[in-house]
Protein chains: 2
Amino acid sequence: MPIEQLIAYFVKYIPLKDIEKNELKNRVIEKRIKRRQFILQENDVCKYYTFVVSGCFKMYGVDDKGAEHNIQFAAENDWIADIGSFHSGKASRLYIEAIEPSVILQIDQTNLVYLYHNHPKFDRIFRVIAENKFIELQNRVLLNISSTADERYQTFLNQYPNLANRLPDTQIASYIGITPEFLSKVRRIRAKKQLPLT
Amino acid sequence: MPIEQLIAYFVKYIPLKDIEKNELKNRVIEKRIKRRQFILQENDVCKYYTFVVSGCFKMYGVDDKGAEHNIQFAAENDWIADIGSFHSGKASRLYIEAIEPSVILQIDQTNLVYLYHNHPKFDRIFRVIAENKFIELQNRVLLNISSTADERYQTFLNQYPNLANRLPDTQIASYIGITPEFLSKVRRIRAKKQLPLT
DNA sequence: AACAGCCCATAAACAAGGTTAAGAAATAAG
DNA sequence: CTTATTTCTTAACCTTGTTTATGGGCTGTT
């Protein structure tokens, strides 16, 4: 059951009482999403916090030339949302698209605020989640400003081996901020160095 | 009074009761920091959340070649900490150094946890702070992976005009992930384009 | 079986950004 | 006020990454 998975996820942070579990159950909706289906498109408001039960999503922005730039992936037991749009109610500049057929749980503003006000434990849980995500992003920024494409690629492979297997290299290239062509070059150069031709 | 400034800051998020204000007062310590003084050094544990009352700090990592890479600046009414180290109790890989003579307020683990447990409102406030910082970082990541040094520099000037005036360009270069020499070139090229020689 | 649509690889020309070194201009410190 | 120390700039040369174009392989449809 998807909802059990979400509860198990929360309980890793803090134990929940039955009433809190029930409140959660009643305020979350389940959806099945096909590959390539969008759960957020540019100029729409991001109305949900989305918890990925199974499958995989990417969130990205599109530049003036039409190129996509992956800000985040989210697979099982991860959250995805344009939090800025979600809280401000303003139009998003981002897309969230399924890379695989997926099952998700979503909660909207009203219901999340209800949980915050009636069960402060959720303030705590989402504070910890936000802090952890912040730390992750901060490490990524440091990596972006201090290292080469090759280092960023290797770090991605080590840090998210699970994602690296499922994603085409072109998606990873977008995530680490280079073109797919250059990633191909990076891989070739590294292969040559370590296996200098038999 | 520094503490009044911190309270005013919190109240912008959510009103505080007198008891919450007093609890805060009793659990925060005030310090004066000289220019170039460190409040965190590599291999130390980050013991405090630091609120900047006046002055300015930078947080940065140092690479194998000894080059500094600025992850964050923090001026008046901003927070700075290596949250990862703060929560895990593990050694930090980062430095936090005063760029200007500063006045700060600090709260340690024990006291912050006390506030969280006895006054859940602080969970909420710090959740919102963490979410806002997350949004900011996410925009920065998108900028880093999708735009040129020139665009990143212009964005910095527009987004933080206050900081841009106080900081030497060399610090800004480090923040946007380029060398000071290249920033100088970027500025020159832009100047020529807009004033193509009198 | 055949077709379209990615995905991956390659290469050459080009642009963006880094390195080194050296001097000028601006700030901080004595 | 004067000396140190940063900071900013320039320029030549090198490395990293992009663009454009081409071709081959894999997957999913009909």
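Since the model is a prediction, treat every value here as computed from it, not as a measurement.

Could you give me a rundown of empty space enclosed by the protein, with the residues and numbers involved?
Under the definition given, this model contains 4 cavities of 30 Å³ or more. Within this model, the largest cavity holds a volume of roughly 160 Å³. If you go around the largest cavity, the residues you meet are E131 and F134 of chain A together with Y49, Q72, W79, I80, A81, I83, F126, I129, A130 and K133 of chain B. For the lining of the largest cavity, the elements supplying multiple residues, two or more each, are α5 (121-146) of chain A together with β6 (78-80) and α5 (121-146) of chain B. When residues of the lining of the largest cavity are assigned to their parent elements, the largest contribution, 4 residues, is made by α5 of chain B. Taken together, the residues that form the lining of the largest cavity break down as 9 nonpolar, 1 polar and 2 charged. Volume-wise, the second largest cavity comes out at about 140 Å³. In this structure, the second largest cavity is lined by 13 residues; those nearest its centre are Y49, W79, I83, I129 and K133 of chain A. Elements represented by at least two residues in the lining of the second largest cavity include exactly β6 (78-80) and α5 of chain A together with α5 of chain B. Sort the elements by how many residues they give to the lining of the second largest cavity and α5 of chain A lands first, with 4 residues. Considered class by class, the residues forming the lining of the second largest cavity number 9 nonpolar, 2 polar and 2 charged.

So what's going on with the UniProt feature "domain: Cyclic nucleotide-binding" (unreviewed entry) in chain A? Which residues, and what values?
Mapped onto this numbering, the UniProt entry gives "domain: Cyclic nucleotide-binding" (unreviewed entry) at residues 31-116 of chain A. Secondary structure within residues 31-116 of chain A divides into 16% helix and 48% strand; the distance between the first and last C-alpha atoms comes to 23 Å.

Which residues make up unusual backbone geometry, and what values do they have?
Residue and element names in this part refer to chain A. At R36, a residue that is not glycine, the phi angle is positive and equals roughly 75°. Along the chain, R36 turns up in the loop between β1 (29-33) and β2 (38-40). The exposed category is assigned to R36, whose relative accessible area is 53%. Even without a glycine there, the phi angle at N77 is positive, about 65°. Turning to its location among the elements, N77 is positioned in the loop between β5 (68-74) and β6. Among the residues examined, N77 registers a relative accessible area of 32% and is labelled partly exposed.

I'd like a description of the packing of aromatic side chains, backed by residues and values.
Applying the stated rule across the entire model yields 38 aromatic pairs over all chains. Arranged with centres 5.3 Å apart and planes meeting at 50°, the rings of F156 of chain B and Y160 of chain B form a pair that is tilted. These aromatic residues form a ring-pair network of at least three members: Y9, F10, Y13, Y49, F51, W79, F86, Y116, F122 and F126 of chain A. The residue whose ring lies beneath K31 of chain A is Y48 of chain A, and the NZ or CZ to ring-centre distance is 4.5 Å.

Got a sec to walk through the interface of chain A and chain B? Specific residues and values, please.
The interface of chain A with chain B comprises 36 residues on the first partner and 36 residues on the second. In total, about 3300 Å² of surface goes out of reach between chain A and chain B, with carbon and sulfur atoms giving 67% of it. At the surface where chain A touches chain B, the tally comes to 4 salt bridges. Among the ionic pairs, R124 of chain B bridges to D123 of chain A, the shortest N-O distance being 2.8 Å. Where chain A meets chain B, there are 10 residue pairs in polar contact (both at pLDDT 80 or more). The set of elements that each furnish at least two residues to the side of chain A that touches chain B consists of β4 (57-62), β5, α3 (83-88), α4 (109-118), α5 and α8 (169-176) of chain A. Tallying contributions element by element places α5 of chain A first for the side of chain A that touches chain B, with 17 residues. Of the residues belonging to the side of chain A that touches chain B, the class tally is 17 nonpolar, 12 polar and 7 charged.

Parameters at a glance
Residues numbered from 1 in each chain as written. Chains lettered and ligands numbered in written order. Predicted model: local features only at pLDDT ≥ 70, side-chain atom pairs only at ≥ 80, totals over all residues. Heavy atoms only, no water. 1 Å grid on protein atoms, 1.4 Å probe; cavity = no way out; pocket = protein on both sides within 12 Å on 5 of 7 lines; lining within 4 Å. Points joined across faces, edges and corners; volume = space filled by probe spheres on them. Helix = DSSP H or I, 4+ residues; strand = E, 2+ residues; numbered from the N terminus. Nonpolar A, V, L, I, M, F, W, Y, C, P; charged D, E, K, R; others polar. UniProt positions renumbered as here; feature names shortened; annotations may be inferred. Buried < 20%, exposed > 50% of the residue type's maximum accessible area, 1.4 Å probe, protein only. Phe/Tyr/Trp six-rings, centres within 6.5 Å; stacked < 30°, edge-to-face > 60°. Lys NZ or Arg CZ within 6 Å of the ring centre and 35° of its normal. Contact = heavy atoms within 4.5 Å. Buried area = accessible area lost by both parts, 1.4 Å probe. Salt bridge = Lys/Arg side-chain N within 4 Å of Asp/Glu carboxyl O. Polar contact = N/O pair within 3.5 Å; in protein donor to acceptor, adjacent residues only side chain to side chain.

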